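Structural overview for review
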Amino acid sequence: MSSKLWGRLALLCTGSLIAATAAHAQDTAAPQPAPEEDVSREIIVTGTQIQGAKINDVLPVTVVDEVDIANVAATSGDELFRSIPQAGSVAFNEQNDTTVNNARGDAASINLRDLGTGNTLLLINGRRMVLNPGFQTELLVPVVSPDTNEIAPGSVRRIEVLRDGASAIYGADAVAGVVNTVLRGNRKGGFIEGEFRTSEGTSLDTYSVAGGYGFDFAGGKANLTVYAGYFHETGLPTSERAYSADDDRSALVVGTPFEGDSQFNNRNTFGPFGQFDIQAPTNRTPLADDDFYLQPSTLPGCRINLPNGLCMRPGITPDVAVRYNTNFGGTLVSEKTRYNVMGLLSYEFTNDLEAYFEGSYYRSESERFITPAAILSAVPVGISRNAYWNPFGPVTFPGGAANPNRIPGTTIPTTGADVIMERYRFVDAGNRQVNVDKDSYRLVAGLKGNFGSWDFDTGFVYSEARTTDLEANRVSLTLLQQAINKSTPDAYNPFNGGCVTGDPGQGDCTPNPSSAIDPFRISVFRKGGTSLALADFKVSNSTLFTLPGGDVGIAAGIEWRRETFFDDRDPRLDGTITWTDSVIPGVTFGSDVVGTSPSPDTSGVRNVWSGFAETFVPLVSEDMDIPLVEALNLQLAGRIEHFDDIDQTAIVPRAAASWTVLPGVTLRGAWSQGFRAPNLVQVNDEGTTRSNTRDDFVICQAQVLKGQLSSLGVCPGEGVISFRSGTDQLEPEDSESINLGVVLEPEFISGLTLTVDYWRVKQTGLVGTFGDDNAIALDLLLRQAGSFNPAVVRDTPSPEQIALFAGTGLAPAGEILLVNDPYLNLDSRVSKGWDFGLFYNVPDFGAGDIRLRFNAARLVGFVQSAGAQGQQLLDGVAAGALPPEVTVGGLGELLEIEGRPKWRFSGSVNWGMGPVDVGLFAQYVGQVWDTSVSRDLPFTSNDPNINFFRVDDFLTFNLNVSYSFEDGALDGTRIRLGVNNLFDKDPPLADEELGYFSALHSPRGRVFRVELRKTF
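Notes on the structure in this doc start here. Keep in mind the model is a prediction, meaning the values are calculated, not measured.

The rules behind the values
Residues numbered from 1 in each chain as written. Predicted model: local features only at pLDDT ≥ 70, side-chain atom pairs only at ≥ 80, totals over all residues. Heavy atoms only, no water. Helix = DSSP H or I, 4+ residues; strand = E, 2+ residues; numbered from the N terminus. Rg over C-alpha atoms; globule rule 2.2 N^0.38 Å. Buried < 20%, exposed > 50% of the residue type's maximum accessible area, 1.4 Å probe, protein only. Contact = heavy atoms within 4.5 Å. Areas by Shrake-Rupley, 256 points an atom, 1.4 Å probe, with all protein chains shown as cover. Salt bridge = Lys/Arg side-chain N within 4 Å of Asp/Glu carboxyl O. Polar contact = N/O pair within 3.5 Å; in protein donor to acceptor, adjacent residues only side chain to side chain. Core = buried A, V, L, I, M, F, W, Y, C linked by side-chain atoms within 4.5 Å. Pairing = 2+ DSSP bridges. Axes fitted to C-alpha atoms, helices over the stretch in contact; angles between N-to-C directions. Disulfide = S-S within 2.5 Å. Parallel < 35°, antiparallel > 145°, perpendicular 65-115°, else oblique. Nonpolar A, V, L, I, M, F, W, Y, C, P; charged D, E, K, R; others polar.

The number of helices and strands found in the protein chain is twelve helices and 48 strands. Its C-alpha radius of gyration of 31 Å places the protein chain within 12% of the 31 Å reference for a compact globule of 1016 residues. Taken over the C-alpha atoms alone, the protein chain extends approximately 105 × 70 × 55 Å along its principal axes. With 1016 residues in all, the protein chain has 57% of them scored as buried. Sequence separation of at least 24 residues holds for 74% of the intrachain contacts in the protein chain that already meet a minimum separation of 6. For the protein chain, the accessible area works out to roughly 38600 Å², and carbon and sulfur atoms hold 57% of it.

Residues other than glycine seldom take positive phi values, yet Asn308 does so here, at roughly 65°. By secondary structure assignment, the location of Asn308 is in the loop between β14 (304-306) and β15 (310-314). Taking the relative accessible area as the measure of exposure, Asn308 reaches 69% and is therefore exposed. Notably, Arg900 is not glycine yet its phi reads approximately 55°, a positive angle. The class for Arg900 is buried, based on a relative accessible area of 16%.

With that settled, consider the pattern of salt bridges. In this structure the tally under the stated criterion is 58 salt bridges. A salt bridge links Arg127 to Asp536, with the shortest nitrogen-to-oxygen separation between them at 3.1 Å. Taken together, the residues span a long stretch of sequence, with Arg127 in strand β3 (residues 127-128) and Asp536 in strand β23 (residues 521-547) at a distance of 409 residues. The same class applies to Arg127 and to Asp536, which are both buried. One connected set of salt bridges, linked through shared partners, spans Glu79, Glu94, Glu233, Lys336, Arg368 and Arg1004.

Along the chain, Arg950 falls in strand β45 (residues 948-951). A relative accessible area of 24% places Arg950 in the partly exposed class. Put simply, Arg950 and Leu989 are 39 residues apart on the chain and 9.1 Å apart in space, counted from C-alpha to C-alpha. Residues in contact with Arg950, not counting those within four places in the same chain, are Glu896, Gln927, Val928 and Trp929. A polar contact of 3.1 Å, which involves the side chain of Arg950, links it to the side chain of Glu896. In this structure the side chain of Arg950 is engaged in a polar contact, spanning 3.1 Å, whose partner is the side chain of Gln927.

With that out of the way, let us pick up the nonpolar core. In this structure, Phe292, Met312, Phe392, Met421, Phe426, Leu480 and Tyr492 are the most contacted members of the largest nonpolar core, which totals 43 residues. Mapped onto this core, the elements with two or more residues apiece are β12 (275-278), β13 (291-296), β14, β15, β19 (381-383), β20 (419-423), α6 (477-484) and α7 (514-517). Examining the composition of this core, we find that four residues originate from one element, α6, more than from any other. If we skip the residues at most four places from it in the chain, Phe426 touches Pro372, Ala373, Ile375, Met421, Val475, Leu480, Tyr492, Phe520 and Val594.

Across the sheet, four strands lie side by side as β31-β32-β37-β36; this open sheet has mixed pairing. Since the sheet does not close on itself, it has two edges, and those belong to β31 (688-694) and β36 (792-794), each with one partner. Between one strand axis and the next, the sheet turns through 30° on average, direction left out of account. As defined by bridge partners, β36 adjoins strand β37 (residues 816-820) across three bridges and the pair is classed as antiparallel. Within the sheet, the bridge partner assigned to Arg794 lies in β37 and is Ile816.

The subject of this paragraph is the state of the cysteines. Inspection of the entire model under this criterion finds three disulfides. Note on cysteine connectivity: Cys302 is disulfide-linked to Cys311, with sulfurs 2.0 Å apart. With the S-S bond torsion at -60°, the cross-link from Cys302 to Cys311 turns out left-handed. Taking the relative accessible area as the measure of exposure, Cys311 reaches 0% and is therefore buried. One disulfide in the model links Cys700 with Cys715; its S-S distance is 2.0 Å. The sign of the 70° torsion about the S-S bond sets the Cys700-Cys715 disulfide as right-handed. Of this pair, Cys700 sits in helix α9 (residues 697-705) while Cys715 sits in the loop between α9 and β32 (718-724), and the two are 15 residues apart along the sequence. Sequence-ordered numbering of the bonded cysteines in the protein chain yields a pairing of 1-2, 3-4, 5-6.

Residues lying three or four places apart along an α-helix face the same way, a consequence of the helix completing one turn every 3.6 residues. Burial runs high along α9: seven of the nine residues are buried. Where α9 is buried, its residues meet α10 (772-784), β36 and α11 (799-805). One or two steps after α9, the chain reaches Gly707, where phi turns positive at roughly 80°.

A word on the packing of α9 against α10. For the pair α9 and α10, the least separation of the axes is 8 Å and the interaxial angle reads 50°. Judged by the angle between their axes, α9 and α10 are oblique. Every residue of α10 that contacts α9 at Phe697, Val698 and Gln701 is listed here: Asp773, Ile776, Ala777, Asp779, Leu780, Arg783 and Gln784. Broken down by class, the residue content of the contact of α9 with α10 amounts to five nonpolar, two polar and three charged.

Structural data, given as structure tokens:
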């Protein structure tokens, strides 16, 4: 670290008042009485580091307390955080399991404001959480997040959500806000509780047992509190829900404008009825085509009949009737087990010095089944002419044995013909079994206290997380090809189809024997790990000096943290064991696993040094008697943060103020700048290849100009390899946040608080990729001007391609070999919205304790603007240089597109009298558009989304009733009965893999629960 940077840190941390923040949990009403086991009710206010400052109404903080947690009745941190309306789509979720490249298992992410995974900072007791080891690709770039499921709801005292950017206080990743989980410590006594839940009409049950105990020792100077918990869920197969049982959901849209729309039949063209390409002229067989696929002989279009009720039909796309239901035999909710242990220790050496320690361990184990493996469109498999089951094989095998499988009626040479397998799913190998185990631990040790009027807190955090993703029933390309190409009857037979009676798209009625499958059936692993080491020192003084408006407070601090990660892929995925086709010359692939593109092993480390300063200045107080200014407070803060791996330094300010106009009427506002450093995967990824189906606009445009295609809209897609890579030249994403609000606490309605806040976030330099489809479109645009896009790497044009381009005005282009698509700082985004809150503790009038809560989030806009190259494409389309079939996705107004609903809210009513407590909780998620489905007969409208499928809103209610025994043998015992999703609402239908948006909604349906708790 340079001396110049150290100087900046020293200057900042000793008193620089750069700009902005502090927050008070104004958006909660007066706290409820603490449960008997909670001795300490220390309030950690997220958004300020000034201990004891009289900061009120400055920034919007939502607090989810113990009563709210009981109303939500969550079994996981994911369910708990989803109840917060400002929390957006959860991209890391257990249903997002289709590929080993996703963050699978019992993990969930946090995404405030829908600004994207990785833009929310998650804290435990005021300090960072370690990231989940798994990462996945969103918008073509790898993203990371802490795992909210590591937080057991039963150990949480409250959650504080700062709904504003906080980079100036907490550093990177706090662009959308901060979520701080406060754990329950300083217990005196113990408890044990057990709960059983069952989802109505399904096999899904959950069991949990938890307990805790705390005691003082050392003459009352110290306290040790420990917790432990066990949770098990039996799992739910896809077959038990109509929306997830079948990829063909046509029956579920009967009676809607999309009735009969084929887009709701998502059965897959890759199934046990394979599609093949004969390496012989088309006139050699009755097919009159070199391409064919298998189907039951009862279906139309057969040209060559085969034994066992099969036939061959010419073509490259299997008929709808034989397409495969990829959800057959799958899992909707994983079977899972969680274990967690936690200890909190505090020791007061003196009244001015206290030591503290936190230690926790978490383990999760999950299992689910997903669709059998299928080959990639860009990676077909060659079948030798001498393969035993090749129907176009030789008349006699080498050695003289007659070939019983060669079909008659062809003019294939007596030596046979090779065949290329282009579509096939290994259904007889079984559904892939995904087991993900995760272990995580966290250690925190520190000292806090005061010297004179100064408070200090210094601590050290070390946390690690490890995951092992083991996927069974995978297929090795090398071993598969060896098994297929045997010239003996024990060879694997890909020509035996699936079920010729009943539903051809469900399972495989003619599987190969295990002896033929086992030689190529493998298990594939992905192991990941992350670590966080953090040391900090913070000082604050809430009464530095006094102004007429009150005491001036100040805080400053320094922090060092070290973050690491590794991602270790199976040798068959990381390039150690690759595949070379033994039949098709020159065909190689970096992965030896059917259906999965290669991914290299990746690792990285980052050191971050930072410092901050913050001040609170009360400019006007009530005692000054200034008209229309009851109080005027100002907060200023700033932070400097240096990242050694990208050699970048960020300096961000923040300013916030509150103005109490009249008693009970307060205006508040904040302005801040923020940043998010590119994550370690984006920086250290040495190169990942992905196979996608893309349109080659250049060759197709030549075909349009030659009259071979009617338009680019019917350009046939082909497999394209995209190469994505990271770089240490990436810069932090910058952001600017504005928050303006009103807080009303009318004196004539005691206990009522109303809040309204407007927010706006502008992000620039977003890390992304241009996209291989966009790169190909740009190649066409540049070739029209006599140039080309070097990112699109092409083969030398063949004579046929040279002839195709003759007279088109375009230079001849060969086939696409590769598209280079590195991570870049590209687009910008502006999002904005409103928050509304109502918090009312009804005054006691003899009818018991009544409490009302309402929290709503209204997203107003989410506009993403193109970078330089994206704008070049848009300009090309607007000028007519590119045809309208060329589109640039992910730009413009994205409100309600694939998530991001306009409205979310939650509300609750609680009533208690004596030993009885009743809670009613409601949660609402608004409508969104599913852009994967559009009307066959489009409407004309000013609304650009009107022709997409509308995903309904989702409103659910939870009800719970508890009774606490206060006398006799049952003293300290509480029984709670509850129903989640009271009216048994299914998640709204969507054209997604499992029939609904798993990032927004839950498939659990009505859940009955009973809980028994005993305190002692």
